[in-house]
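# Observations on the model geometry
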Amino acid sequence: MDLVVTDARLRDGRVVDLVVDAGRLRVLPRTEARAALRASATSDASATSDAAATGGASATSEAAEAAGVAGAAGPRVLAAEGRLVTESAVDCHLHLDKVHTLNRVGDAALSAYTDDGMAGAQTSIELAGAVKTGYRREDALPHIRRALTEAVRHGTLHLQAFVDVDTAAGLEGFAAVNTARAEFDGVLDVRIVAFPQDGVLRDPGAAELCEEALRLGADVVGGIPWIEHTDADARAHVDWACALAARTGKRVAMLTDDAGDPNLRTTEMLATAMLEHGLAGRGVACHARALALYPRPSLLRLAGLAKKARLGFVSDPQTGPLHLPVALFREQGLPVALGQDDIEDAYYPFGRANLWEVAFLAAHLLEFRTGPAQQALLDLVTTEAATVLGHHGHVLADDAPANFVVHDADRVVDVLRRHAAPRWVVSNGTVVAETVTTTTLTRAATPPG
């Protein structure tokens, strides 16, 4: 055994012990885990309580003493003390090459994207392109590292990172993100999307750059078909991306229908092309904000097509005034996730790679407030988000990969309310982040009377 988490509270209310061995998880009744710990101590003549380092002295000592191994060296023991334990967070949509660049662009693009029902979304993208002027990987790398550090601190261990690959950005953003990905290898799983932000037909040469990025290590073929000037060009954009994904064995991830125009139909184009190219179950549609303006019959028809293509969806309701009908699509059996989308860039001035915070904001924007809805919000940033990315087995279950967090709260409502960094973050069976928050009141309130 490498790690034991004692008295971990699961979302169904059970309090169990979690045992990690060689990066895999076992969920055991507390008596069985203590017996396993005792057996490990007997064979190794060692085990360690983590009391001094973690502040859980009482519970950790109790667990260790119950196993007869107090004070010895062995598996690390974390005393959860009834705290809630969930799967680590999964971010299906983050523009990682653009993080912390708002100061280089100003507010014009932000206003165009969010004002007037998103009528100026295309103009916003054109204005935001100014950040690529003079873009250099060495300038971007510190910002990217900062964002990935925050992701680890907040327990986001899987990321789908969109990186602009076009004639303006070249491969500079890709090179920076690829370098940072290597630095966080073994802690963070980062999938790079080669993303032609300015279009393919509109930007001759972008397609070839995307193919080069794939040869250099990008994982996913990106697209943004609605940015093209005609529906015919949008279809050609989608067909190019899906054909490339089929030829290279990759997945596709596209920003579809991201404007306040109910006539946009690029989500439908994506689902159709996935079926035509044999990509069922290998695609993600991000944003799809125009669907908020569709009449219900059109939504249901699209949902049926998307279900046939096994198309996943990512909504980022905090970054724009329109959003995907998340509840309806989940009712229709479609996999849906929430994403961070942006961190202090031309489209959103906030963000910190914290999916618990994204879920908190979505509780208001999507009106997910009841107890069951709160549970759904956690699914949208953990298990269901993993499904959207094609990650299977991202659950707290026996023999699953040990990627989980111990929250500093024992209720789902408090995880959402506080959206704080977890007490411990475990990646591939190893504790990779610990957070302790201390407040000292210099003057306590005096009770009346």
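Scoring rules and cut-offs
- Residues numbered from 1 in each chain as written.
- Predicted model: local features only at pLDDT ≥ 70, side-chain atom pairs only at ≥ 80, totals over all residues.
- Heavy atoms only, no water.
- Helix = DSSP H or I, 4+ residues; strand = E, 2+ residues; numbered from the N terminus.
- Rg over C-alpha atoms; globule rule 2.2 N^0.38 Å.
- Buried < 20%, exposed > 50% of the residue type's maximum accessible area, 1.4 Å probe, protein only.
- Contact = heavy atoms within 4.5 Å.
- Areas by Shrake-Rupley, 256 points an atom, 1.4 Å probe, with all protein chains shown as cover.
- Lys, Arg positive; Asp, Glu negative; His and termini not counted.
- Charge placed at Lys NZ, Arg CZ, Asp CG, Glu CD.
- 1 Å grid on protein atoms, 1.4 Å probe; cavity = no way out; pocket = protein on both sides within 12 Å on 5 of 7 lines; lining within 4 Å.
- Points joined across faces, edges and corners; volume = space filled by probe spheres on them.
- Nonpolar A, V, L, I, M, F, W, Y, C, P; charged D, E, K, R; others polar.
- Arc of directions from axis to C-beta.
- Phe/Tyr/Trp six-rings, centres within 6.5 Å; stacked < 30°, edge-to-face > 60°.
- Lys NZ or Arg CZ within 6 Å of the ring centre and 35° of its normal.
- Pairing = 2+ DSSP bridges.
- Axes fitted to C-alpha atoms, helices over the stretch in contact; angles between N-to-C directions.
- pLDDT = per-residue confidence, 0-100.
- Core = buried A, V, L, I, M, F, W, Y, C linked by side-chain atoms within 4.5 Å.

## Remarks on the overall build of the protein chain
Broken down by element type, the protein chain carries 16 helices and 16 strands. Its C-alpha atoms give the protein chain a radius of gyration of 23 Å, within 12% of the compact-globule value 22 Å for 449 residues. For the C-alpha atoms alone, the extent of the protein chain along its principal axes is close to 70 × 60 × 45 Å. Taken across its 449 residues, the protein chain has 56% of its residues classed as buried. The contacts in the protein chain between residues at least 6 apart in sequence include a share of 75% that link residues at least 24 apart. Only carbon and sulfur atoms are counted for the fraction: they give 50% of the accessible area of the protein chain, which is about 17,500 Å². For the protein chain, the separation between the mean place of its 42 positive charges and that of its 58 negative charges on side chains is 4 Å.

## Some words on the layout of surface pockets
Counted as a void, the largest pocket has a volume near 320 Å³. Those elements that place two or more of their residues in the lining of the largest pocket are α9 (231-248) and α10 (266-276). It is α10 that provides the largest number of residues to the lining of the largest pocket, a total of 4 residues. Taken together, the residues that form the lining of the largest pocket break down as 7 nonpolar, 6 polar and 6 charged. Of the voids in this model, the second largest pocket is the one considered here, and its volume is about 170 Å³.

## A short note on helix α8 (residues 206-216)
All buried positions along α8 are accounted for by Ala206, Ala207, Cys210, Ala213 and Leu214. For α8, the angular spread of the buried residues around the axis is 115°, confining them to a single face. Of the exposed residues in α8, those oriented more than 90 degrees away from the buried face are Glu208 and Arg215. On the buried face of α8, the contacting elements are α7 (172-183), β8 (189-195), β9 (220-223) and α9.

## A closer look at the packing of aromatic side chains
Counted under the stated rule, the structure contains 4 aromatic pairs. Here Phe162 and Phe195 contribute two aromatic rings whose centre-to-centre distance is 5.5 Å and whose plane-to-plane angle is 90°, an arrangement assigned as edge-to-face. With a gap of 33 residues between them, Phe162 in strand β7 (residues 156-164) and Phe195 in strand β8 connect regions that are remote in the sequence. The same class applies to Phe162 and to Phe195, which are both buried. For the pair Phe313 and Phe329, a centre-to-centre distance of 5.0 Å together with 80° between the ring planes defines the contact as edge-to-face. Of this pair, Phe313 sits in strand β12 (residues 312-315) while Phe329 sits in helix α12 (residues 326-331), and the two are 16 residues apart along the sequence. Using a relative accessible area of 0% as the deciding quantity, one classes Phe313 as buried. Here the guanidinium or amino end of Arg265 rests over the ring plane of Tyr294, the centre of that ring lying 4.0 Å away.

## Description of α10
An α-helix turns once per 3.6 residues; consequently, residues spaced three or four apart project the same way. All of the buried residues in α10 are Thr266, Thr267, Met269, Leu270, Ala271, Ala273 and Met274. Next to the buried residues of α10 lie α9, β10 (251-256), β11 (283-287), α11 (296-309) and β12. Gly278 occupies a position one or two residues after α10 and carries a positive phi of about 70°.

## Considering the sheet that holds strand β14 (residues 404-406)
Reading across the sheet, the 4 strands line up as β5-β14-β15-β16 and stay open at both edges, with antiparallel pairing between neighbours. Strand pairing shows two members of the sheet lacking a second neighbour, β5 (85-87) and β16 (430-434), which therefore form its edges. Direction aside, neighbouring strands of the sheet carry axes that sit 25° apart on average. Note that strand β15 (residues 424-427) and β16 share 4 bridges and pair antiparallel. Each residue of the ladder has a partner; that of Ser427, found in β16, is Thr430.

## Re the pairing of strand β3 (residues 24-28)
Bridge count for strand β2 (residues 15-21) against β3 is 5 bridges, and the pairing is antiparallel. The partner of Val20 across the bridge, within β3, is Leu25. Linking β2 back to β3 in an antiparallel pair, the connection comprises 2 residues, with Ala22 at a positive phi of about 55°.

## Points about the confidence of the model for the protein chain
Taken over all residues, the pLDDT of the protein chain has a mean of 92, while the share at 70 or more is 92%. Here residues 45-61 scores under 50 on pLDDT; set against residues more than four positions off or in separate chains, the count is 44 contacts. Predicted confidence is poor over residues 63-71, with pLDDT under 50, and the contacts of this stretch with residues over four places away or in other chains come to 15 contacts.

## Re the sheet that holds strand β1 (residues 3-9)
Ordered in space as β3-β2-β1-β4, the 4 strands form an open sheet in which the pairing is mixed. Pairing within the sheet leaves two strands with one partner each, and these edge strands are β3 and β4 (76-79). Neighbour-to-neighbour, the strand axes of the sheet open up by a mean angle of 20°, direction not taken into account.

## Concerning the nonpolar core
Counting 121 residues, the largest nonpolar core has Leu96, Ile144, Cys242, Phe313, Phe329 and Leu377 as its most contacted members. Apart from the residues within four sequence positions on either side, Phe313 is in contact with Thr267, Ala285, Ala306, Leu324, Phe329, Leu334, Pro335, Val336, Ala337 and Val388.

## Focus: empty space enclosed by the protein
Applying the stated criterion across every chain, the model contains 4 cavities of 30 Å³ or more. There is about 90 Å³ of room inside the largest cavity. Lining the largest cavity, in full, are His95, Lys98, Tyr113, Ile125, Gln197, Ile224, Leu255, Asp258, His287, Asp341, Asp342 and Tyr347. Of the residues belonging to the lining of the largest cavity, the class tally is 5 nonpolar, 3 polar and 4 charged.

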